[in-house]
Amino acid sequence: MSQYDDTPKRTTFEQQAEAEALFTSIGDGAISTDEFGRITRVNPVAQEIIGYTEAELLGQWFPKIITALTMDTKVVNLIDRPITKAFLTGKPIYEKMIYRRKSGESVPVSIVVSPILLDGKPLGAVEVFRDITLEEEIDRMKSEFISLASHQLRTPLSAIKTYSHMLIDGYMGDITPAQKKSLRTIISGANRMNELISTLLNITRIESGTIAVTPKVIDVDSVIDEIVKEVSMMAADKAVEVVAKESPKPVTIRTDLLIFKEIVTNLVTNGVKYTPEGGSVIVQAKKRSADLLVTVSDTGWGIPKQSQDQIFSKFFRAPNIVRRETTGTGLGLYLVKGLVETLGGKIWFKSEEGKGTKFYLSIKPLKKQPAAKPKGEVPQP
Ligand code: ADP
């Protein structure tokens, strides 16, 4: 503190009273615990959200009295509770979860838990949480709207595509080279719009948990060959070589063909899109003891270090790409991540700006019958 600092000094009692007033007046729910997770303070908003009184909560072990569920209604284990993670990591933890109220009803909450540390040792934690029922409802309505609007856009779009193809193929009489050029632009615009609609529909399916998974044994190399052909055809006017590296042994896996194709197609398309002329994109699949590893590497512009942890976020596009390539939505990798998680897999990448990027996709075989997703009622412990 500087000698000019005229902030009045507080006694310990005054500081406690100040902390108490601050705690009580926070507009979100707030609960503090000791180092064992026992509740030491609760503010009125917290009592309102979870439906317990202060007397019922004080001294109770927080994870025991308040059951938490993931957003898809699976009970959260003690080790995965934000408060435990905050104790273990010594860092603030941000999460969305469902809390079960005293009445048994569930309430979605956005949580931030900060550990209280003294000389690196945890003294307890403060959890601040907010009821997000309304936000979740708006999000659901937004997804429903996108889904409805996308379905409605498909019909007129297919008319545009059909008639443009008929015109360009000469079914309606001869056309001039200038007309042909314009029609090509119309068709490529319609194709882009079609892709965007599919992406939006897939995202709403993932976000609402209604995406269908149909496990079937697939021949990975031939699926990759097909993808490479399709992407090469689409990018015929760009001098980027797309190569499928044959696996040493035939590779098969039980997975969902359409979802797998969508994931790899997105990665290969990005590879081509973000690689300058003369470069290459290589796709390879390798069966390992516990999983299938698919890699897609390119010699492109790469992902800047400071953008790497945002690359799977919705609408994110890295600044080095936005400067060069105007078309894009930043939805592709967000969708890919959701699809990979739907298959129970993992995706990560290594990238160096100016050198290239390598994406890694790891998936395990799915069981014959996909596990039914728990829906609706919140399970009781
Ligand atoms: P879009 O391609 O529509 O921008 P994506 O979600 O597919 O959206 O990708 C998000 C961003 O990630 C891209 O805008 C780009 O900045 C970066 N990116 C993805 N793949 C690559 C790649 N192979 N090389 C370089 N940057 C990439």
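In this text, all values refer to a predicted model and were calculated from it rather than measured experimentally.

What counts and how
Residues numbered from 1 in each chain as written. Predicted model: local features only at pLDDT ≥ 70, side-chain atom pairs only at ≥ 80, totals over all residues. Heavy atoms only, no water. Pairing = 2+ DSSP bridges. Helix = DSSP H or I, 4+ residues; strand = E, 2+ residues; numbered from the N terminus. Contact = heavy atoms within 4.5 Å. Axes fitted to C-alpha atoms, helices over the stretch in contact; angles between N-to-C directions. Phe/Tyr/Trp six-rings, centres within 6.5 Å; stacked < 30°, edge-to-face > 60°. Buried < 20%, exposed > 50% of the residue type's maximum accessible area, 1.4 Å probe, protein only. Lys NZ or Arg CZ within 6 Å of the ring centre and 35° of its normal. pLDDT = per-residue confidence, 0-100. Near = heavy atom within 4 Å. Polar contact = N/O pair within 3.5 Å; in protein donor to acceptor, adjacent residues only side chain to side chain. Areas by Shrake-Rupley, 256 points an atom, 1.4 Å probe, with all protein chains shown as cover. Nonpolar A, V, L, I, M, F, W, Y, C, P; charged D, E, K, R; others polar. Parallel < 35°, antiparallel > 145°, perpendicular 65-115°, else oblique. Left-handed = near helix turned anticlockwise from the far one by under 90°. Salt bridge = Lys/Arg side-chain N within 4 Å of Asp/Glu carboxyl O.

Caption draft 1: Quick peek at the sheet that holds strand β6 (residues 121-131). Spatially, the six strands line up as an open sheet ordered β2-β1-β6-β5-β4-β3, and their pairing is antiparallel. The strands lining the two open edges of the sheet, one partner per strand, are β2 (39-42) and β3 (68-69). Bridge count for β3 against strand β4 (residues 93-100) is two bridges, and the pairing is antiparallel. Each residue of the ladder has a partner; that of Ala68, found in β4, is Tyr99. Packing of helix α5 (residues 82-89) onto the sheet brings it into contact with β1 (29-34), β4, β5 (106-118) and β6, and relative to β4 it is tilted by some 150°.

Caption draft 2: Inspection of the pairing of β6 at higher detail. The pairing of β1 with β6 spans six bridges and is classified as antiparallel. Across the sheet, residue Ala30 finds its bridge partner in β6, namely Val128. When β5 meets β6, the two strands line up antiparallel, connected through ten bridges. Across the sheet, the residue bridging to Val113 is Glu127, located in β6. In sequence, β5 turns back onto β6 through a hairpin of two residues, with Asp119 there showing a positive phi of about 50°.

Caption draft 3: Layout of the packing of aromatic side chains. Within the structure shown, the criterion is met by six aromatic pairs. Summarising the aromatic geometry, the rings of Phe312 and Phe349 are spaced 6.1 Å apart at their centres and angled 55° between planes, so their arrangement reads as tilted. Of the two residues, Phe312 sits in the loop between β11 (292-298) and α10 (319-322) while Phe349 sits in strand β12 (residues 346-352), which places them 37 residues apart along the sequence. Here Trp348 and Tyr360 contribute two aromatic rings whose centre-to-centre distance is 5.3 Å and whose plane-to-plane angle is 0°, an arrangement assigned as stacked. A residue pair is termed long-range when its members are at least 10 positions apart, and Trp348 in strand β12 and Tyr360 in strand β13 (residues 356-363) qualify at twelve residues. We classify Trp348 as partly exposed; its relative accessible area is 33%. One aromatic cluster is present, formed by Phe62, Tyr99 and Phe129 through successive ring pairs. Sitting over the face of the ring of Phe62, Arg81 holds its NZ or CZ atom 5.7 Å from the ring centroid. Taking NZ or CZ as reference, Lys337 lies 5.6 Å from the ring centre of Phe312, over its face.

Caption draft 4: Spotlight on the confidence of the model for the chain. In the predicted model, the chain carries a mean pLDDT of 89, and the fraction of residues at 70 or more is 94%. For the chain, helix α1 (residues 12-25) is the element with the lowest average pLDDT, namely 83, and β13 is the one with the highest, namely 98. Every residue in residues 370-381 is under pLDDT 50, and counting partners more than four places away or in other chains gives 19 contacts.

Caption draft 5: Examining the site of the ligand more closely. Taken together, 20 residues lie around the ligand, and Tyr274, Asp298, Arg317, Thr329 and Leu333 are the ones closest in. A distance of 2.8 Å separates a nitrogen atom of the ligand from a polar atom in the side chain of Asp298. Here an oxygen atom of the ligand sits 2.9 Å away from a polar atom, N or O, in the main chain of Ala318. Here the ligand has 530 Å² of accessible area as a free molecule, and 98% of this is covered by the chains. Listed by contribution, the elements that provide at least two residues to the shell around the ligand are α9 (257-273), α11 (332-342) and β13. Residue contributions to the shell around the ligand peak at three residues, all from α9. In terms of residue class, the shell around the ligand is made up of nine nonpolar, eight polar and three charged.

Caption draft 6: Focus on the environment of Val220. Positionally, Val220 belongs in helix α8 (residues 220-234). On the basis of relative accessible area, Val220 is assigned to the buried category, the value being 0%. Linking Val220 and Arg254, residues 34 residues apart in sequence, is a C-alpha distance of 9.8 Å. The residues contacting Val220, other than those within four sequence positions of it, are Val251, Thr252, Ile253, Phe260, Ala285 and Leu292.

Caption draft 7: Fine view of the packing of α8 against α9. One way to put it is that α8 packs onto α9 with a least axis distance of 10 Å and a crossing angle of 45°. Regarding the angle of α8 to α9, the classification is oblique. As for the relative orientation of α8 and α9, their crossing is right-handed in sense. Residue-level inspection shows Val220, Val223, Glu226, Ile227, Glu230 and Val231 of α8 in contact with α9, the latter providing Leu257, Phe260, Lys261, Val264, Thr265, Val268, Thr269 and Val272.

Caption draft 8: The arrangement of the pattern of salt bridges in detail. On inspection of all chains with the given rule, the structure shows 17 salt bridges. A salt bridge links Glu20 to Arg41; the nearest nitrogen and oxygen atoms lie 3.3 Å apart. Here Glu20 is found in helix α1, whereas its partner Arg41 is found in strand β2, with 21 residues between them in sequence. Residue classification places Arg41 among the partly exposed positions, given a relative accessible area of 24%. Linking Lys314 and Glu207 is a salt bridge whose minimum nitrogen-to-oxygen distance equals 2.9 Å. Linking Lys314 in the loop between β11 and α10 with Glu207 in helix α7 (residues 177-207), this pair joins segments that are 107 residues apart in sequence. The exposure class assigned to Lys314 is partly exposed, which follows from its relative accessible area of 30%. A residue is classified by how much of its surface remains accessible, and Glu207, at 30% relative accessible area, is partly exposed. A cluster of three or more residues bridged by salt bridges with shared partners is formed by Glu137, Arg140 and Glu144.

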